[in-house]
Amino acid sequence: RAVIELREARKVYRTGEVSVEALRGIDLSIAAGDYVAIMGPSGSGKSTLMHALGCLDVLTSGSYRLDGVDVSELDDDALAEIRNLKIGFVFQQFHLLPELTAWQNVALPLMYARVPLGERRERAAAALDSVGLGGRADHRPGELSGGQQQRVAVARALVTEPTMVLADEPTGNLDTASTEDVLELFDQLNGLGRTIVLITHETEVGEHAKRIVWVKDGVIDREQVNRA
Ligand code: ADP
Ligand code: ADP
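These notes cover the structure that comes with them. (Residues numbered from 1 in each chain as written. Chains lettered and ligands numbered in written order. Predicted model: local features only at pLDDT ≥ 70, side-chain atom pairs only at ≥ 80, totals over all residues. Heavy atoms only, no water.)

Attention now goes to the pairing of strand β1 (residues 2-15). Two strands pair when backbone bridges link them, and β1 and strand β2 (residues 18-31) are joined in this way by 11 bridges, in the antiparallel orientation. Pairing of Ala9 across the sheet is with Ile26, part of β2. What sits between the antiparallel neighbours β1 and β2 is a turn of 2 residues, in which Gly16 has the positive phi angle 60 degrees. (Pairing = 2+ DSSP bridges. Helix = DSSP H or I, 4+ residues; strand = E, 2+ residues; numbered from the N terminus.)

Spelled out as structure tokens, the structure:
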């Protein structure tokens, strides 16, 4: 079952007289349970594609179906809800709130979704357990290592049971050991059936995915299958 279906996706940025065609006709299907890395040189369109997949920006033309829903038809409120509930974002810079504890950070998407406090606590605790940080629920980000902070961010991405985890250079801010740690976690989550889309410019990181989609000049240049 395809959870992501991009058809003839085009994105043109217009700044005054100048227009840049950042995506020039991308067709991409991603099935439930897949683990895909999007790779390519700087300026190839990875960030633009990430923003489209994350419903952070709309396509100039073409269609995007996420979990069967035609996203191009939705208004801003509906898109914000999809971002919060259906997409688990993981960023290079963790984006944890420093004054909140680990579990409170993890529970934020549930708070936006108006889930009651007791249920928020329970689900945040379970998500922290699933990334191996059950013992750190009451720690603030400043009391955790970089790798642990990124695990908290992954728990926050998982807490809503999203359609996909969308990770934008998730290891870009981590040392080698923490990078291995987070990639091992992604392997494990994918093994449990999670759909993961990873944007990276690091080949060693992309090799962890089942499939690499190489983007070049706004089109898919080639696809590489790493494992079934
Ligand atoms: P990558 O993430 O692979 O480096 P981007 O998606 O950031 O690639 O950029 C693709 C192309 O679109 C580049 O030519 C870039 O300069 C251009 N671009 C990206 N964002 C904007 C923007 N907001 N306004 C104008 N041009 C942009
Ligand atoms: P609203 O439109 O209600 O303010 P947001 O635009 O903050 O909602 O988006 C909701 C979700 O989208 C949040 O969970 C947030 O993590 C994610 N999000 C918002 N802005 C960005 C961004 N620039 N990059 C990646 N994810 C973002």
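Let's shift gears to the layout of surface pockets. The computed volume of the largest pocket comes to approximately 350 Å³. Forming the boundary of the largest pocket are 15 residues, of which Asn84, Phe89, Pro109, Tyr112 and Arg156 lie nearest the centre. Counting residues per element, the ones that place at least two in the lining of the largest pocket are α2 (76-85), β6 (87-90), α3 (102-112) and α5 (146-158). (1 Å grid on protein atoms, 1.4 Å probe; cavity = no way out; pocket = protein on both sides within 12 Å on 5 of 7 lines; lining within 4 Å. Points joined across faces, edges and corners; volume = space filled by probe spheres on them.)

This part is about the packing of aromatic side chains. Within the structure shown, the criterion is met by 1 aromatic pair. Pairing Phe89 with Phe91 gives two aromatic rings, centres 5.8 Å apart and planes at 5 degrees, and the pair type is stacked. We classify Phe89 as buried; its relative accessible area is 13%. (Phe/Tyr/Trp six-rings, centres within 6.5 Å; stacked < 30°, edge-to-face > 60°. Buried < 20%, exposed > 50% of the residue type's maximum accessible area, 1.4 Å probe, protein only.)

To continue, consider the pairing of strand β4 (residues 61-66). As paired elements, β1 and β4 share 5 bridges and run antiparallel to each other. Of the residues in β4, the one forming a bridge with Arg7 is Ser63. Sheet analysis places β4 next to strand β5 (residues 69-70), joined by 2 bridges and oriented antiparallel. Within the sheet, the bridge partner assigned to Leu66 lies in β5 and is Val69.

Looking now at the site of ligand 2. Taken together, the neighbourhood of ligand 2 is formed by Leu56, Ala80, Arg83, Asn84, Phe89 and Phe91. One of the side-chain nitrogen or oxygen atoms of Arg83 is found 2.9 Å away from an oxygen atom of ligand 2. Here ligand 2 has 550 Å² of accessible area as a free molecule, and 46% of this is covered by the chains. By residue number, the principal contributor to the shell around ligand 2 is α2, which donates 3 residues. Here the residues of the shell around ligand 2 sort into 4 nonpolar, 1 polar and 1 charged. (Near = heavy atom within 4 Å. Polar contact = N/O pair within 3.5 Å; in protein donor to acceptor, adjacent residues only side chain to side chain. Areas by Shrake-Rupley, 256 points an atom, 1.4 Å probe, with all protein chains shown as cover. Nonpolar A, V, L, I, M, F, W, Y, C, P; charged D, E, K, R; others polar.)

Residues in contact with ligand 1, as listed here, are Tyr13, Val20, Ala22, Pro41, Ser42, Gly43, Ser44, Gly45, Lys46, Ser47 and Thr48. Residue Gly43 places a main-chain N or O atom 2.7 Å away from an oxygen atom belonging to ligand 1. Lys46 has a polar side-chain atom sitting 2.9 Å from an oxygen atom of ligand 1. In isolation ligand 1 exposes 560 Å². Once the protein is present, 61% of that is buried. Every element with two or more residues in the shell around ligand 1 is listed here: β2 and α1 (46-53). The element best represented in the shell around ligand 1 is α1, accounting for 3 residues. Of the residues that constitute the shell around ligand 1, the class distribution is 4 nonpolar, 6 polar and 1 charged.

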